[in-house]
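# Observations on chain architecture
Next come the chains, spelled out residue by residue.
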Amino acid sequence: MTDAAGDAPRPDPLVIRRVDYLGPMAAAGGWRPEARLPEVAFSGRSNVGKSSLINALTRRKKLARVSHTPGRTREIHFFGINDRFTLVDLPGYGYARISKARKAEWRPLIEGYLRTSPVLAGVVQLLDVRHAPSPDDEQMLDFLAELGAPTVVALTKVDKLPRAEGARRVAELTASLGLSPDQVIPFSAVTGMGRDELAEALEALVDAHRAEFGAPPPPTVTGESPPGHAEGSAAE
């Protein structure tokens, strides 16, 4: 990417040198990694492109596994980024073919985490730019507003629309949801559109959290291992 003058490469706002998979949280109130670094959570309905967005953002092909079975994963996955902040991959919600019982498990898990994390710096809420927000999307946005969590909205899959139509949809969704344009980032995991803007937004959330609460303490060595430790997540 070049700068505004088009004559020099734009520095990467988020150079990721280290990623540590910290483990999964499987139930509200259950095990979770030490809440030390600022946490930025990624939320969206199943099939919105969350895993693809996370992989594009981190420039890793398989950090978050792109599931071929939307709605499969029921855990929250935590990734330490550069020992600076924690990327939190929430389960995808709203998949129609998932049983009501399983859907009922997700809500307390997601909402419980968001309500109780002592280091939540903000949330990236994903919406598919091609479609109107679902009732589940609207419920999540209302919940985040009630919580007072700093929220960035990433409008995914903009590459699937012609340029003019994509711009129109971004403007319509921004207005209909009552969002500030500064809150909204059009994103494509295919073309890379919005990657650096989202990276800058993440850094801003982390910086704001550090400015308010100070630098994080050093890690505590407990010897406790996360349950079901694995290499990545499948929470799309």
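Overview of the structure. Just so it is clear, the structure is predicted and the values come from calculations on it, not from any experiment.

Attention now goes to the environment of G80. Position of G80 relative to the elements: it lies in strand 3 (residues 76-81). What makes G80 buried here is its relative accessible area of 5%. Spatially, the C-alpha atoms of G80 and E39 are 9.1 Å apart, while their sequence positions differ by 41 residues. Ignoring any residue separated from it by four or fewer positions in sequence, one finds G80 in contact with R18, V19, D20, L22, F85 and T86.

What follows is about the nonpolar core. Counting 29 residues, the largest nonpolar core has V40, F42 and L198 as the members making the most contacts within it. For this core, the secondary structure elements donating two or more residues are strand 2 (39-43), helix 1 (50-58), strand 3, strand 4 (85-89), strand 5 (120-128), strand 6 (151-156) and helix 5 (195-213). The element best represented in this core is helix 5, accounting for 6 residues. Here F42 is in contact with K50, L53, I54, L57, L87, V88, D89, L90, V124, L126 and L202, once residues within four sequence places are set aside. Membership of the second largest hydrophobic core comes to 17 residues, among which are F78, L90, L114 and L120.

As a further point, take helix 4 (residues 163-176). Helix length check: helix 4, at 14 residues, gives a terminal C-alpha distance of 20 Å against a target of 20 Å (1.5 Å per residue), a fit within 8%. When helix 4 is considered as a whole, its buried residues turn out to be G166, R169, V170, L173 and T174. Taken end-on, helix 4 shows its buried residues confined to a sector of 130°, consistent with a single buried face. In helix 4, those exposed residues whose orientation departs by more than 90 degrees from the buried face are A164, A175 and S176. In this structure, the buried residues of helix 4 make contact with strand 5, strand 6 and strand 7 (184-186). With its phi angle positive at about 65°, G178 sits one or two positions after the end of helix 4.

Right, let's get into the pattern of salt bridges. Applying the stated criterion across every chain yields a total of 18 salt bridges. One salt bridge in this structure joins E200 and R10, with 2.2 Å as the shortest N-O distance. Placement of the pair is E200 in helix 5 and R10 in the segment before strand 1 (19-25), with a sequence separation of 190 residues. Taking the shortest distance from any N to any O, the salt bridge between R168 and E165 comes out at 3.9 Å. Remark: E165 and R168 occur in helix 4; sequence separation between them is 3 residues, near one turn of the helix. The exposure class of R168 is partly exposed, given its relative accessible area of 41%. Here the residues in one salt-bridge network are D12, R59, R195 and D196, joined through shared partners.

Criteria and cut-off values
Residues numbered from 1 in each chain as written. Predicted model: local features only at pLDDT ≥ 70, side-chain atom pairs only at ≥ 80, totals over all residues. Heavy atoms only, no water. Helix = DSSP H or I, 4+ residues; strand = E, 2+ residues; numbered from the N terminus. Buried < 20%, exposed > 50% of the residue type's maximum accessible area, 1.4 Å probe, protein only. Contact = heavy atoms within 4.5 Å. Core = buried A, V, L, I, M, F, W, Y, C linked by side-chain atoms within 4.5 Å. Expected span 1.5 Å × (residues − 1). Arc of directions from axis to C-beta. Salt bridge = Lys/Arg side-chain N within 4 Å of Asp/Glu carboxyl O.

Note that all results are geometric; they support no functional claim without further evidence.
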